[in-house]
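An overview of the molecular structure
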Amino acid sequence: MPKKKKKNNNKISMNVTPERRKSILLYHDMRVEEDFELCAQRIFEVVKSAAKKYPGKPRFLWLSVQGHLNDLGGFDHDSFEIISNFIPEYLFPYLTEVKTPLMHVRNPHPQREDIPGLLIINPPEDGSEDKFDHHSFARRQREYLSDSRSSKPSVRSIAGYLGRDGSCQICWESTVERAHALPEALGGSNDVRNFALLCPYHHQMAPDVADAEAFWKWIDYSYDRDSHMREMGENVQQLLRKYIHEAVPNNSNRNNDYEKAKEGGFDQELIFELKNLYGWTQEELGGLLERRLVQEFNRVRRAATTNHRGVGRKVSTYAWAYNVALRRVKDEEKIRSERIIK
Ligand SMILES: [Zn+2]
């Protein structure tokens, strides 16, 4: 039986009803893995590329949101910013029609074509940049989670929250485990919002760190990296052929660079992840074994990561800890150079 799958691709363009035959439908699903910045960049790229490919054609943006609920059952901070700020304030002039969970509006003015080349997102004005505090190691979760339940929610309720069918969020495998975004050992809650559904393979690979956002980013990164693992049911393939003329993912194409890194062992895989998930430069990778960084790495690892089911040495956990360590080392270097100048 073909598996029932949710289409998660964010680059879908297709013709819909006859009266809209000449307009371009841009659909984006804000998955739970996406924070404000990732989501805004992706929607922006989709709009920009549609304008480039089909200049002048009316663009209809349709956004759906999965997960991203706050304590009161409303949209959390990131999704609310997308729906009530980014789309209506910034993107609307470049669109003809917009549909989000909170509104469905048509632009009374002609859609503009002069879309900026780059989307620059400024950090919040109050100076509270949304990053893991690499000095205090204070655990970071997505929202304030007041639920103090002592047992995990069921797979069904997690799937319901995520708006999914209960398969692995990365590879669509149907056997899943409940994975804490912020591990219990680091104070993570059993609130439904602190869970992902992952197959045993991806659960074992996922980072066990004090930063829930890093966990979600890792899922987002692995979703692309392991796309070849997803099998599409026949009905999904038919649907894709019928509606989508391009941007159909080629699942037979394995990520060769990643496969090679995996064959090279732990260190090669670590380098691959630092480069591709955390954006380390060649120069930064070259300093990976420097004493100062290794010392800092060990400090971070002891304070802000944990072991999961006896799997202590994980690439994803180590990569996160190295990345936090690098930020600490860089801060220290900056302070030192400022002292020298004075
Ligand atoms: Zn999986």
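Just above sits the structure.
Scope of this entry: the structure provided in the associated data block. (Residues numbered from 1 in each chain as written. Predicted model: local features only at pLDDT ≥ 70, side-chain atom pairs only at ≥ 80, totals over all residues.)

1. As for the overall build of the chain
Looking only at helices and strands, one finds eleven helices and seven strands in the chain. Put simply, the chain has 342 residues, and 32% of those count as buried. A separation threshold of at least 6 residues defines the contact pool for the chain, and within that pool the share at least 24 residues apart is 69%. (Helix = DSSP H or I, 4+ residues; strand = E, 2+ residues; numbered from the N terminus. Buried ≥ 20, exposed ≤ 12 C-beta atoms within 10 Å, placed from the backbone. Contact = placed C-beta atoms within 7 Å.)

2. Observations regarding helix H11 (residues 315–341)
Under the 1.5 Å per step criterion, the end-to-end length of H11 is 39 Å for 27 residues, consistent within 8% with the ideal 39 Å. Every buried residue of H11 is listed here: Val315, Ser316, Thr317, Tyr318, Ala319, Trp320, Ala321, Tyr322, Asn323, Val324, Ala325 and Leu326. Buried-residue contacts for H11 involve helix H4 (200–205), helix H5 (212–225), helix H8 (266–276), helix H9 (282–286) and helix H10 (291–304). (Expected span 1.5 Å × (residues − 1).)

3. Side note on unusual backbone geometry
Outside of glycine, negative phi angles account for most residues, and trans bonds account for most peptide bonds. Despite not being glycine, His68 shows a phi value in the positive range, around 55°. With respect to the helices, strands and loops of the structure, His68 is situated in the loop between strand S3 (59–65) and helix H2 (77–91). Positive phi outside glycine occurs at Trp172, with the angle close to 70°. Mapped onto the elements, Trp172 comes out in the loop between helix H3 (155–162) and strand S6 (177–180). By the C-beta count within 10 Å, which is 22 here, Trp172 ends up buried.

4. Things to note about the pairing of strand S4 (residues 97–100)
Both faces of the sheet carry side chains from a regular strand, because those side chains alternate between them. On S4, burial follows the alternation: Val98 and Thr100 on one face are buried, whereas Glu97 and Lys99 on the facing-out side are not. Relative to S4, S3 runs parallel, the two sharing three bridges. Looking at S4, one finds that Phe60 is bridged to Glu97. For S4 and strand S5 (residues 103–106), the ladder comprises four bridges, and the chain directions are antiparallel. If you follow Glu97 over to S5, its bridge partner there is Arg106. Here S4 folds back onto S5, and the loop between the two strands holds two residues. (Pairing = 2+ DSSP bridges.)

5. A closer look at the packing of H10 against H11
Packing of H10 against H11 brings their axes to within 8 Å, and their N-to-C directions diverge by 120°. Regarding the angle of H10 to H11, the classification is oblique. In terms of crossing hand, the pair formed by H10 and H11 is right-handed. Where H10 abuts H11, its residues Arg292, Leu293, Glu296, Phe297, Val300 and Arg301 lie against Ala321, Tyr322, Val324, Ala325, Leu326, Arg328 and Val329. (Axes fitted to C-alpha atoms, helices over the stretch in contact; angles between N-to-C directions. Parallel < 35°, antiparallel > 145°, perpendicular 65-115°, else oblique. Left-handed = near helix turned anticlockwise from the far one by under 90°.)

6. A few points about the packing of helix H1 (residues 36–53) against H2
What describes two packed helices is the angle between their axes and the distance between those same axes. Running from N to C, H1 and H2 cross one another at 35°; their axes reach a closest spacing of 10 Å. Regarding H1 and H2, the two cross each other, and that crossing is right-handed. Contact with H1, carried on its side by Phe36, Cys39, Ala40, Ile43 and Val47, involves Asp78, Glu81, Ile82, Phe86 and Leu91 of H2 and no other residues of that element.

7. Looking at the environment of Pro183
Position of Pro183 relative to the elements: it lies in the loop between S6 and strand S7 (195–198). The spacing of Pro183 and Ala210 is 27 residues in sequence and 7.4 Å in space, taken between C-alpha atoms. Non-local contacts of Pro183, meaning those with residues more than four positions away in its chain, are made with Gly188, Asp208, Thr306 and His308.

8. Notes on the environment of Lys217
Of note, Lys217 is situated in helix H5. Along the backbone, Lys217 and Glu33 are 184 residues apart, and their C-alpha atoms lie at a distance of 6.1 Å.

Distances and angles like these do not, on their own, reveal function.
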